[in-house]
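Residue-level listing of the chains:
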Amino acid sequence: MPINLDGLIFGQIMGDNSGSPAPFDTDLDGTATQEDEFVSVTNTNATPLDVSGWQIWSDSTGGGSGDTPQDGLYHTFPAGTVLAPGETLWIINEITGTRAFAQEASEGGVESGTGGVSTNLLSEGSGGNPSESVALVDPVSGDYIVFNMAPGAPAIAGLTGFPGTNEIGVIDGNSVQNDMAAGESYQYDAATDSYLYDTAFIPCFASGALIATPAGEVAIEDLRTGDLVLTVDDGAQPILWAGQTTVRFDQGANADQRPVEFKPGSLGPALPNLPLTVSPQHRFLMIDLQGREVLAPAIGLTDRKLIRVKKGKKAVTYHHIALAKHAVIFANGAPSESFYPGDASIAALPLRDKLALLGHFPQTSDAPTEARPCLTVGETRKARLPSLRPAMAVTGWRKSDETSRKATA
């Protein structure tokens, strides 16, 4: 178990996004700036955890940043902030709009741009600086933990107004990475019970994946029954049902449901255009050796570059949208499937979702029509490039293409 405060751990810290251009768009607003830097926390308890009033502080030198660094309070969790078991919450410097998976830093929220007055209180992580750390504090008890990126002991307790009086523990980030790089982050890895340093990521498809609609891209958690989404074959179609399923991976449980992450470019140039995380059986549109469009499961593609199983997650919430029929839609620009209302898929859902779906798709001996021929995991793994290649990015196929597409099926 990592160093924690009442079961709350640091999940991920990205304190440098000041490259030219800045590489990571955390709040998914289409623009990556220094204000996209963030810290996330995860509830490792088996019960909900109320963190109302808790705070995050930063001791920052800001070396390499275009803005003048600031030390001090970064975020106060507002009243009513309760994290469910396994839930991860991202605290982002500045958020355009709202994101269900994140809160905007209470001391941020002003987009200053390079050279302005920085609202970024996160550490830049410059190697060798004596003052580089982030603290999670319960001001009521005075307990706090520190993620330290400095080569020596953290000095964060000396900041003016710091409410911590009892240091629970210090995480040594300096030995993991002593100089942060733009777009890279410290990440807790449950498999090794340690921190590693890798390309920053944010939750997608679980929350944050952008689904193409007639009005533009919309985060999947914001879609509701009746909303229209764009499909490859039938244009805009209304959502009949929108649901979600939370899966926990404590002590090896549900290992076969661990999420699969597709990095940008893993399915072709700029596809997906942002990191995309899906359930292992979720399928993507591909082209086989005969030129047919087929749907291939994510888990069958994990031997390819930039596609991996995320083994460090303690829990994930998968979002589902069902249309009148199985369809190819777009998530972060990548063509993939809507929820397939087959008997097995419906049976795996919680009772309330099962009852809602059965009203639209009564279970019968006849399987629903699939949007495209669906490959098994074995067929997908066997069909390596170029015999199974990603479909190209499109904004919608023309109906006139349907005849030629069916002719090759």
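Fair warning: this is a prediction, and the values are worked out from it, not measured in the lab. (Residues numbered from 1 in each chain as written. Predicted model: local features only at pLDDT ≥ 70, side-chain atom pairs only at ≥ 80, totals over all residues. Heavy atoms only, no water.)

**Q** It is not clear to me how the environment of Phe-361 should be interpreted in this structure. Could you clarify?
**A** As for its placement among the helices and strands, Phe-361 is situated in the loop between helix H2 (351-358) and helix H3 (377-382). Judged by relative accessible area, Phe-361 falls into the buried class, the value being 12%. Here the alpha-carbon distance between Phe-361 and Pro-341, two residues 20 residues apart in the chain, equals 6.8 Å. (Helix = DSSP H or I, 4+ residues; strand = E, 2+ residues; numbered from the N terminus. Buried < 20%, exposed > 50% of the residue type's maximum accessible area, 1.4 Å probe, protein only.)

**Q** What is the right way to read the pattern of salt bridges from this model?
**A** Side chains that differ in sign of charge can pair as their charged atoms come close. Tallied over the full model, the rule gives seven salt bridges. With a shortest N-O distance of 2.7 Å, Arg-292 and Asp-288 are connected by a salt bridge. The closest approach of N and O atoms between Arg-372 and Glu-293, which form a salt bridge, is 2.8 Å. Within this pair, whereas Arg-372 is found in the loop between H2 and H3, its partner Glu-293 is found in strand E22 (residues 293-297), the two being separated by 79 residues in sequence. Residue class for Glu-293 comes out buried when judged on its relative accessible area of 12%. Through salt bridges with shared partners, one network takes in Asp-233, Glu-293 and Arg-372. (Salt bridge = Lys/Arg side-chain N within 4 Å of Asp/Glu carboxyl O.)

**Q** What am I meant to see in the sheet that holds strand E5 (residues 72-76) here?
**A** Two orientations exist for strands paired in a sheet by backbone hydrogen bonds: parallel and antiparallel. Strand order across the open sheet formed by five strands is E5-E4-E9-E10-E11, with mixed pairing between neighbours. In this open sheet, the two strands that pair with only one neighbour each are E5 and strand E11 (166-172). Strand-to-strand, the axes of this sheet are offset by a mean angle of 20°, without reference to chain direction. Summarising the sheet, strand E10 (residues 143-148) and E11 pair through six bridges and their orientation is parallel. Bridged to Phe-147 within E11 is Ile-171. (Pairing = 2+ DSSP bridges. Axes fitted to C-alpha atoms, helices over the stretch in contact; angles between N-to-C directions.)

**Q** How should the packing of aromatic side chains be read in this particular structure?
**A** The geometry of an aromatic ring pair is captured by two quantities: the separation of the ring centres and the angle between the planes. Counted under the stated rule, the structure contains nine aromatic pairs. Taken together, a centroid distance of 4.4 Å and an interplanar angle of 45° make the contact between Phe-262 and Phe-284 tilted. Here Phe-262, found in strand E19 (residues 260-262), pairs with Phe-284, found in strand E21 (residues 283-288); they are 22 residues apart in sequence, far enough to count as distant. Residue class for Phe-262 comes out buried when judged on its relative accessible area of 0%. Here Phe-284 falls in the buried class, since its relative accessible area comes to 0%. Following the ring pairs from residue to residue traces out a cluster consisting of Phe-10, Phe-147, Tyr-186, Tyr-188, Tyr-195 and Tyr-197. Lying across the ring of Tyr-340, Arg-283 places its NZ or CZ 5.6 Å from the centre. (Phe/Tyr/Trp six-rings, centres within 6.5 Å; stacked < 30°, edge-to-face > 60°. Lys NZ or Arg CZ within 6 Å of the ring centre and 35° of its normal.)

**Q** Please explain the side chain of Lys-263 as it appears in this structure.
**A** Along the chain, Lys-263 turns up in the loop between E19 and strand E20 (276-278). A polar side-chain atom of Lys-263 sits 3.3 Å from a polar atom in the side chain of Glu-261. In this view, Lys-263 contacts Thr-199, Leu-271, Pro-272, Leu-306 and Arg-308; residues no more than four positions away in its chain are not counted. (Polar contact = N/O pair within 3.5 Å; in protein donor to acceptor, adjacent residues only side chain to side chain. Contact = heavy atoms within 4.5 Å.)

**Q** Honestly, the confidence of the model for the chain in this entry has me stumped. Any pointers?
**A** Caution is warranted with low-pLDDT regions, since their predicted coordinates should not be read in detail. With 75% of its residues at a pLDDT of 70 or more, the chain shows a mean pLDDT of 79. Low pLDDT, under 50, characterises residues 111-117; the stretch is placed with 15 contacts to residues that sit more than four places away or in other chains. (pLDDT = per-residue confidence, 0-100.)

**Q** Help me understand the environment of Ala-296, please; the structure alone is not making it clear to me.
**A** Within the secondary structure, Ala-296 is located in strand E22. Overall, the relative accessible area of 0% leaves Ala-296 in the buried class. Sequence separation of Ala-296 and Leu-388 is 92 residues, and the distance between their C-alpha atoms is 9.1 Å. Ignoring sequence-local partners within four residues, the contact set of Ala-296 consists of His-282, Arg-283, Phe-284, Met-286, Leu-375, Thr-380 and Leu-388.

**Q** Would you take a moment to explain the sheet that holds strand E2 (residues 38-43) for this structure?
**A** Read from one edge to the other, the open sheet built from six strands follows the order E8-E7-E2-E1-E12-E13, with strand pairing classed as mixed. Here the strands that pair on one side only, and so sit at the sheet edges, are strand E8 (102-104) and strand E13 (194-199). For this sheet, the mean angle separating the axes of adjacent strands, direction not counted, is 25°. Across six bridges, strand E12 (residues 184-189) lies against E13 in antiparallel orientation. Bridge assignment links Ser-185 to a residue of E13, and that residue is Asp-198.

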